[in-house]
Amino acid sequence: MTFTFKQRSILPGFGLSLGFTILYLSLIVLIPLSATFLKTSSLTWAQFWHVVTAPRALASYRLSFGASAIAAFINLVFGLLVAWVLVRYSFPGRRLLDSLVDLPFALPTAVAGIALTAIYSTNGWIGHYLQPLGIKAAYSRLGVVIALTFTGLPFVVRTVQPVLEDLDKEMEEAAASLGAGRWQTIRRVLFPAVMPAALTGFAMAFARAVGEYGSVVFISGNMPMRTEITPLLIITKLEQYDYAGATAIAVVMLIVSFALLLTINLLQVWGGRREKTRPALEGPPIPVQAQA
């Protein structure tokens, strides 16, 4: 019995294109990440553990990952709403609103951070309304969540929008004709089709937020143990010429981020397979209501 490395295809150039792909990924991704681990290996295990479990580092982990998760969840909810409005409704200014979604992509993160700080500070357009309510947005953890939400919104919208455009409206009409209510149609027809793309957008928004620096460094206030994010702590150690300590914290961020993204992707695959098998196991997704 002979084994083949790949299935035969009518398209030529598999070996050459695969070689360029591996070379490109190695130069851009694998070699820099390997250098990070290599630099960290100069520390002993005791030194590594002391650096990555320092109280200041632990506080930055909690803020970075916690704020990133909150921001990604907010973008998941409101990104679905924005994508739904842009796809299903026609109204004046829709194209302008659609283009504004991509603004966080094009806007430099430092400019976004300065703008958000000016708006949400005590004397800002929004901040001076929050101040009497006892809400401090700028120079607080809330400001970090606001900045991360701003930078991550396009990921959810742009991943969900094509799915909604390809989803036939006749499916919703068929569900309504079978007696399904609005919430039942959303839960049994729309969500199964949209959730894989929504989870992908959530993962991308989360990954973007974990590594965000420019938009957060201005609005957070950079107070150690309170509003200091992990990327800022890494920059601080680099400025102190503590390269091994900086790469040690970077390795922790890399491992945790990879584990979380892998978990989200596995859940996405599991949800897709479960949705494919559910009709055969549970019957029709929309029950027919008895006619009066």
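No experiment lies behind these values; they were computed from the predicted model shown.

Novice: Even after reading the chapter, I still don't get the nonpolar core, so can you show me in this structure?
Specialist: In a soluble, globular protein the nonpolar side chains are often hidden away together inside. If you look at the biggest cluster of nonpolar residues, it comprises 33 residues, and the most contacted ones within it are Tyr 61 and Val 160. When contributions to this core are tallied by element, the ones reaching two or more residues are helix H2 (45-52), helix H3 (55-88), helix H8 (141-166), helix H10 (182-210), helix H12 (230-239) and helix H13 (243-282). Per-element tally for this core: the top contributor is H3, with nine residues. Other than its neighbours up to four places away in sequence, Tyr 61 contacts Val 52, Gly 66, Thr 230, Ile 249, Val 252 and Met 253. Grouped together as the second largest cluster of nonpolar side chains are 19 residues, Ala 71, Ala 138, Val 217 and Ile 229 included.

Novice: Please explain a positive patch on the surface as it appears in this structure.
Specialist: Positive charge collects at one region of the surface, where Arg 62, Lys 136, Arg 141 and Arg 226 lie side by side. Following the sequence through the fold, Arg 226 ends up in the loop between helix H11 (214-219) and H12.

Novice: What should I look at first to understand the packing of aromatic side chains in this one?
Specialist: Each aromatic ring pair is summarised here by two numbers: the centre-to-centre distance and the angle between the ring planes. Applying the stated criterion across every chain, the model contains four aromatic pairs. Residues Tyr 241 and Tyr 243 carry aromatic rings whose centres are separated by 6.3 Å and whose planes lie at 85° to one another, so their mutual orientation is edge-to-face. The structure contains a cluster of three or more aromatic residues connected by ring pairs, namely Trp 45, Phe 48 and Trp 49.

Calculation criteria
- Sequence order sets the numbering: in each chain, residues are counted from 1 along the sequence as written.
- It should be noted that, the model being predicted, local features are given only for residues of pLDDT at least 70 and side-chain atom pairs only at 80 or more, the latter also being counted only at that level, while totals for whole chains, interfaces and linings use all residues.
- Side-chain numbers here rest on the full set of heavy atoms in the structure, without hydrogens or water.
- By nonpolar core we mean a set of buried residues, namely Ala, Val, Leu, Ile, Met, Phe, Trp, Tyr and Cys, connected to one another through side-chain atoms within 4.5 Å.
- A simple rule labels every residue: compare its accessible area, found with a 1.4 Å probe on the protein chains alone, to the largest value its type can have, and call it buried under 20%, exposed over 50%, or partly exposed in between.
- Working definition: helices are DSSP H or I runs of at least four residues, strands are E runs of at least two. Numbering for both runs from the N terminus.
- Working rule for contacts: check all heavy atoms of both residues, and any pair within 4.5 Å makes them a contact.
- Each patch is built from residues lacking any salt bridge and having more than 30% relative accessible area; the joining distance is 9 Å for like charges and 5 Å for nonpolar side chains (Val, Leu, Ile, Met, Phe, Trp, Tyr).
- Per-residue and other accessible areas were derived by the Shrake-Rupley procedure at a 1.4 Å probe size, with only the shown protein chains allowed to occlude residues.
- One speaks of a salt bridge when a side-chain nitrogen belonging to Lys or Arg is within 4 Å of a carboxyl oxygen belonging to Asp or Glu.
- Just so you know, the count uses Lys and Arg for positive and Asp and Glu for negative, and it drops His and the chain ends.
- One atom stands in for each charge, and that atom is NZ of Lys, CZ of Arg, CG of Asp or CD of Glu.
- Aromatic rings from Phe, Tyr and Trp, with only the six-membered ring used for Trp, were paired whenever their centres fell within 6.5 Å, and each pair was classed as stacked if the ring planes differed by under 30 degrees, edge-to-face if by over 60, and tilted otherwise.

Keep in mind these values describe shape, not function.
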